[in-house]
Amino acid sequence: MMKTQSKEKSVNSLLSGGGTAIPLFKVFMPKSVLEPLNEVLMSGYIGEGPKVKEFEQQLGPWFGNENVLGLNSGTSALQLALRLANVGVGDEVISTAMTCTATNEPIMAMGAKIVWADIDPWTGNIDPADVEKKITPKTRAIMCVHWGGYPCELAALNAIAKKHGIKVIEDAAHAFSGEYHGTRIGSHSDFSCFSFQAIKHMTTVDGGALTCRCKDDLERGRLLRWYGIDRTSNRKDFRCEADILEYGYKFHMNDVAATMGLEQLKYVGETVAKHRANAAAYDKAFANLESIQTLRHDRQHNGAYWLYTLRAKDPHAFMAYMKEKQIVASAVHARNDTHTMFQDFRTKLPGVDEFVSEQVSIPVGWWLTEQDRNRIIEAVSGYRA
Ligand SMILES: Cc1ncc(COP(=O)(O)O)c(C=O)c1O
């Protein structure tokens, strides 16, 4: 018992910075995963098998797209999407700097060049008008990220892609269950990439999913996620005789992760609803503050609110102030374009400059009690810069 308590304390301090602070993230893991996990672990089959298939089949209706591949991470989903989009050495991919580096490192891994497009400083999402300006004959794909789970302007991005014969890849790592014009993220573009990493709305410890618009991409992706080998081929000697047409990766999900995912799916609707309810309360409470401004979210869309980002005058002072109040606040992701690894692609991004000079996220998740939420509202409302 004592051991469990001290473990919990140290985990808490990892996520919350210590003490009794309200954490910015928390792992959602229902005890009900234990029974099915035990079963699959002892079943004699823990690789990619029936559980992955079942998980994909259940994810289909969530995404409004039955073309789903279960993968071992969101990063793998991004790299697989780039490969399926035929992005190769010397090609250009238009992307956003305002994200986790996991969005952009796979572009480097394909040997492609990143062309940064600016963002809307009031949503954190890529600006379609700037995307259009950056198109060249070498552009193969547009990569967009739904910042905090609020949908990008998908109609505009897809119209540009269609006009120029290129692909749209959505990094939907923050956006599980986010809705664009009333339709869930996962069916609007050529590819949508999801993450089930530890602190996402739902977790398989590590894991991801890719949705494809086209069946052909799904079938090719199914081969490429496991070395290019057709696992379904019914050969005499296991899979040894199967010819491999093109090289692939080790990106598949396994049955242990999928078992967790299947159990998590039972709760995720409720989880996302709690994130949204907290975000709605903040929007109302922070509408008329002097040192804090809310982002400008069009109510036609329904964000997933993995993050609740606001704009604070002097965000570092704000974070320190929140720390004093025992509430964790963070910028979460640093702009990517200033990293040395991306130095060849630098360009002027005034929208990113503006966003990073003020953006900061506060706890918004399912773990907040009413008392926590009120404490956060009171603290934010009392901030003066
Ligand atoms: C925006 C974004 N894209 C991609 C990823 C990568 O996902 P994963 O950790 O599942 O590889 C993350 C991170 O967790 C993320 O926040």
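Whatever comes next refers back to the structure up there.
Summary of the structure given here.

Scoring rules and cut-offs
Residues numbered from 1 in each chain as written. Predicted model: local features only at pLDDT ≥ 70, side-chain atom pairs only at ≥ 80, totals over all residues. Heavy atoms only, no water. Helix = DSSP H or I, 4+ residues; strand = E, 2+ residues; numbered from the N terminus. Polar contact = N/O pair within 3.5 Å; in protein donor to acceptor, adjacent residues only side chain to side chain. Contact = heavy atoms within 4.5 Å. Buried < 20%, exposed > 50% of the residue type's maximum accessible area, 1.4 Å probe, protein only. Pairing = 2+ DSSP bridges. Right-handed = clockwise from strand over helix to strand, strands pointing away. Salt bridge = Lys/Arg side-chain N within 4 Å of Asp/Glu carboxyl O. Near = heavy atom within 4 Å. Areas by Shrake-Rupley, 256 points an atom, 1.4 Å probe, with all protein chains shown as cover. Nonpolar A, V, L, I, M, F, W, Y, C, P; charged D, E, K, R; others polar.

1. Details of the side chain of histidine 174
Right, on to step 1. Within the element layout of this structure, histidine 174 appears in the loop between strand E5 (167–171) and strand E6 (179–180).
Right, on to step 2. For histidine 174, the side chain forms a polar contact with the side chain of histidine 333, separated by 3.1 Å.
Right, on to step 3. Each residue touching histidine 174, except ones within four places of it in the same chain, is listed here: His146, Trp147, Gly148, Gly149, Lys200, His201, Ala304, Trp306, Leu307 and His333.

2. A look at the pairing of strand E3 (residues 113–117)
Two faces belong to every sheet, and in a regular strand the side chains alternate between them.
Right, on to step 1. Here E3 lies mainly inside the structure; four of its five residues are buried.
Right, on to step 2. Note: strand E2 (residues 92–96) against E3, five bridges, orientation parallel. Within the sheet, the bridge partner assigned to threonine 96 lies in E3 and is alanine 117.
Right, on to step 3. In this fold, E2 hands off to helix H5 (residues 101–109), which returns the chain to E3; that crossover is right-handed.

3. Details of the pattern of salt bridges
Right, on to step 1. A complete count under the given rule lists 19 salt bridges for this structure.
Right, on to step 2. The salt bridge partner of arginine 225 is glutamate 48, with a shortest N-O separation of 3.0 Å. Here arginine 225, found in the loop between helix H8 (215–224) and helix H9 (255–285), pairs with glutamate 48, found in the loop between helix H2 (34–41) and helix H3 (50–63); they are 177 residues apart in sequence, far enough to count as distant.
Right, on to step 3. With its nearest N and O atoms 3.3 Å apart, the salt bridge here joins aspartate 190 to arginine 213. Remark: arginine 213 occurs in the loop between strand E9 (208–212) and H8 and aspartate 190 occurs in the loop between strand E7 (183–184) and strand E8 (191–195); sequence separation between them is 23 residues.

4. Structural notes on the site of the ligand
Right, on to step 1. Around the ligand, 16 residues are found, and the nearest of them are Gly74, Thr75, Asp171, Ser195 and Lys200.
Right, on to step 2. At 2.5 Å, a side-chain N or O of threonine 75 approaches an oxygen atom of the ligand.
Right, on to step 3. Note that an oxygen atom of the ligand is positioned 3.1 Å from one of the side-chain N or O atoms of histidine 174.
Right, on to step 4. For the ligand, the protein covers 91% of the area, taking 390 Å² as the surface of the free molecule.
Right, on to step 5. Within the residue set of the shell around the ligand, elements represented by two or more residues are helix H4 (74–84) and H5.
Right, on to step 6. When residues of the shell around the ligand are assigned to their parent elements, the largest contribution, three residues, is made by H4.
Right, on to step 7. Split by residue class, the shell around the ligand holds four nonpolar, 10 polar and two charged.

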